[in-house]
Amino acid sequence: MLEALTYILIIAILGLNALVSIYGIIYGRSLVKKLISLTILSDTVLVAVIFAGFYYAYPIVPPVYQDLAGTGREFLVKHASDPLPQALVLTGIVIGLAVNALIAFGIIQAYRLAKTTDARKVVETLSGVEVTE
Amino acid sequence: MSRRILVLMLLFSATLIVSFTATIILNPATPSELKELAKYYVLNTINETASPEAVTAIVWDYRGLDTIYETLVLYLAIVGGLAIFKMSEEALLKTRIGLTLLTKTSTKIIALLITSIAAAIAFHGHLSPGGGFPGGSAVAVASMIIIPVFAAGTLIEKGISSTKLVAIRGAALTALGLVALLPVVRGLEIVTNQKFYPASILGLPISGSLSLYNLLESLAVASGFTAVALYLSIPEEAYKGGSSA
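Cut-offs and rules
- Residues numbered from 1 in each chain as written.
- Chains lettered and ligands numbered in written order.
- Predicted model: local features only at pLDDT ≥ 70, side-chain atom pairs only at ≥ 80, totals over all residues.
- Helix = DSSP H or I, 4+ residues; strand = E, 2+ residues; numbered from the N terminus.
- Rg over C-alpha atoms; globule rule 2.2 N^0.38 Å.
- Buried ≥ 20, exposed ≤ 12 C-beta atoms within 10 Å, placed from the backbone.
- Contact = placed C-beta atoms within 7 Å.
- Core = buried A, V, L, I, M, F, W, Y, C linked by C-beta atoms within 7 Å.
- Nonpolar A, V, L, I, M, F, W, Y, C, P; charged D, E, K, R; others polar.
- Axes fitted to C-alpha atoms, helices over the stretch in contact; angles between N-to-C directions.
- Parallel < 35°, antiparallel > 145°, perpendicular 65-115°, else oblique.
- Left-handed = near helix turned anticlockwise from the far one by under 90°.
- Expected span 1.5 Å × (residues − 1).
- Bend = angle between axes of the 7 residues up to and from the residue.
- pLDDT = per-residue confidence, 0-100.

A. Structural detail: the overall build of chain A. Within chain A one finds 5 helices and 0 strands. Counting helices and strands in the order they occur from the N terminus, chain A gives α-α-α-α-α. Taking 133 residues into account, the globule formula puts the C-alpha radius of gyration at 14 Å, and chain A, at 21 Å, lies well above it. For the C-alpha atoms alone, the extent of chain A along its principal axes is close to 70 × 40 × 15 Å. The buried share among the 133 residues of chain A stands at 22%. Put simply, 45% of the contacts in chain A that link residues at least 6 apart link residues at least 24 apart.

B. Layout of the overall build of chain B. Scanning chain B from N- to C-terminus turns up 10 helices and 2 strands. Ordered by position from N to C terminus, the α and β elements of chain B give α-α-α-α-α-α-α-α-α-β-β-α. Relative to the globule expectation of 18 Å for 245 residues, the C-alpha radius of gyration of chain B, 24 Å, shows a markedly less compact shape. When its C-alpha atoms are laid out on the principal axes, chain B stretches across 65 × 65 × 40 Å. Residues classed as buried in chain B amount to 36% of the 245 residues present. Counting only contacts in chain B whose residues sit at least 6 apart along the sequence, the fraction spanning at least 24 positions is 74%.

C. Local environment of the nonpolar core. Ranked by internal contacts, the top residues of the largest apolar core, which has 68 residues, are A:A98, A:A101, B:I58, B:I78 and B:L216. Counting residues per element, this core draws most heavily on helix α10 (residues 210-232) of chain B, which supplies 15 residues. Ignoring any residue separated from it by four or fewer positions in sequence, one finds B:I78 in contact with A:A98, A:A101, B:G224, B:A227 and B:V228.

D. Representation of the interface of chain B and chain A. Across the boundary between the two partners, chain B contributes 49 residues, which contact 41 residues of chain A. Broken down by secondary-structure element, the contributors of at least two residues to the side of chain B that touches chain A are α1 (3-26), α2 (36-49), α3 (54-62), α4 (64-84), α7 (132-150) and α10 of chain B. Considering every element that reaches the side of chain B that touches chain A, the biggest residue donor is α4(B), with 9 residues. Of the residues in the side of chain B that touches chain A, the class split is 31 nonpolar, 12 polar and 6 charged.

E. How the structure looks around the environment of B:V139. By the element assignment, B:V139 lies in helix α7. Spatially, the C-alpha atoms of B:V139 and B:I117 are 8.8 Å apart, while their sequence positions differ by 22 residues.

F. Layout of the packing of helix α9 (residues 162-181) of chain B against α10(B). All names here are of chain B. Relative to each other, α9 and α10 sit at 160°, their axes nearing to 8 Å. If you check the angle between α9 and α10, you find them roughly antiparallel. For the element pair α9 and α10, the recorded crossing hand is left-handed. Facing S162, L165, V166, I168, R169, A172, L173, A175, L176 and V179 of α9, the residues of α10 in contact are L212, Y213, L216, E217, L219, A220, S223, G224, T226, A227, L230 and Y231.

G. Looking closely at the packing of helix α6 (residues 101-123) of chain B against α7(B). Residue and element names in this part refer to chain B. Two elements in contact, α6 and α7, have axes whose closest approach is 8 Å; the angle formed by their N-to-C orientations is 170°. Viewed along their axes, α6 and α7 adopt a mutual orientation that is roughly antiparallel. Between α6, through T103, K104, T107, I110, A111, I114, T115, I117, A118, A119, I121 and A122, and α7, the contact on the second element is made entirely by G132, P134, G135, G136, A138, V139, V141, A142, I145, I146, V149 and F150. For the contact of α6 with α7, a count of residues per class yields 17 nonpolar, 6 polar and 1 charged.

H. Looking closely at α2(B). Helix length check: α2(B), at 14 residues, gives a terminal C-alpha distance of 19 Å against a target of 20 Å (1.5 Å per residue), a fit within 8%. In the structure, α2(B) departs most strongly from a straight axis at B:L43, where the bend amounts to approximately 45°. Residues B:A38, B:Y41, B:V42, B:T45, B:I46 and B:T49 constitute the buried set of α2(B). Tucked into the core, α2(B) has its buried residues touching α3 (73-79) and α4 (83-114) of chain A together with α3 and α10 of chain B. Of the residues trailing α2(B), B:A50 is marked for its positive phi of about 60°.

I. Quick look at the confidence of the model for chain B. All names here are of chain B. Per-residue confidence for chain B gives a mean pLDDT of 85, with 92% of residues at or over 70. Of all helices and strands in chain B, the one with the weakest mean pLDDT is helix α5 (residues 90-93) (68), whereas α6 scores best (94). Between residues 241-245, whose pLDDT stays under 50, and residues either more than four places distant or in other chains, the model counts 4 contacts.

J. How the structure looks around the environment of B:L93. All names here are of chain B. For L93, the position within the fold is in helix α5. Residue classification places L93 among the partly exposed positions, given that 15 C-beta atoms sit within 10 Å. The sequence separation of L93 and L37 amounts to 56 residues, and the corresponding C-alpha distance is 54 Å.

Shown next as structure tokens:
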């Protein structure tokens, strides 16, 4: 019962987190706040990917053998954490970092041209079109 | 209390209530053993890739082609950022003072410690948790400490420019591509590991190409993020009356 509760609770909180960050991306005024919401959303997705490999066992060990002969195979199959989501998340974090840096470069450039990070004012200054609410 | 916080608290309590009721009504079965695919990876990693670490084996062997293309995405993102940010290094040379002597000395010690730990993470990536990506990111952390303390202008005077860093990155990526392409010479598939590269050299376990990939990838990630940090550290005064608009 408690195991099922934590399982569902984690899924629900991840959903709530995604909801709030999508709200931030759509309704945030500042481009910087939009970027922060985007990083929260991507981290939520990464946690969800890690959670896909989740299972109940005790103790949990990393999926690493202690020697090159491969002793303790049976123990590792019963107690190792899932290596596949870890591998996906490992690359996903670095790619996310690079893409965030690219977006940050764009925001700084927009700030330099428009002297503001407010998304609507940036559009107004750069295109000359009035933005209505 | 503002309306936004109230809505957030309502959402949170609704999430709690929904998950409690869902547990009571559905009472789902929770997974209690590894998935079949993960079992395969854990059981066969030593025989098939000569690496006792299943995560590195997946990243650079089982899904090696994926990772190489992801490295390409990383490279394009950094090059794209630097292209948007086109900037003469003369503006950077105006910032040359940095922080006090005390801070500089302590930063030297801390940066050395971080870099040595990062090297351990990167070079033992095929034997213990870690690898090229985390090791390179740790080196980037060290450079992100160094840049504000010593000022970007000083580093450029010493000959560390982002052009050179991007060149290092390009060279590391080219070497990485060569490591991936070499097995084709003998008619094997691209990104082949154990059929082409030896499992150990002079008694040192190197897990075939995995340690080479980790080494080159850490070099590429570290130099790429250092270049980004160098560009992002340009102070705003450097643009006043500049050529931007």
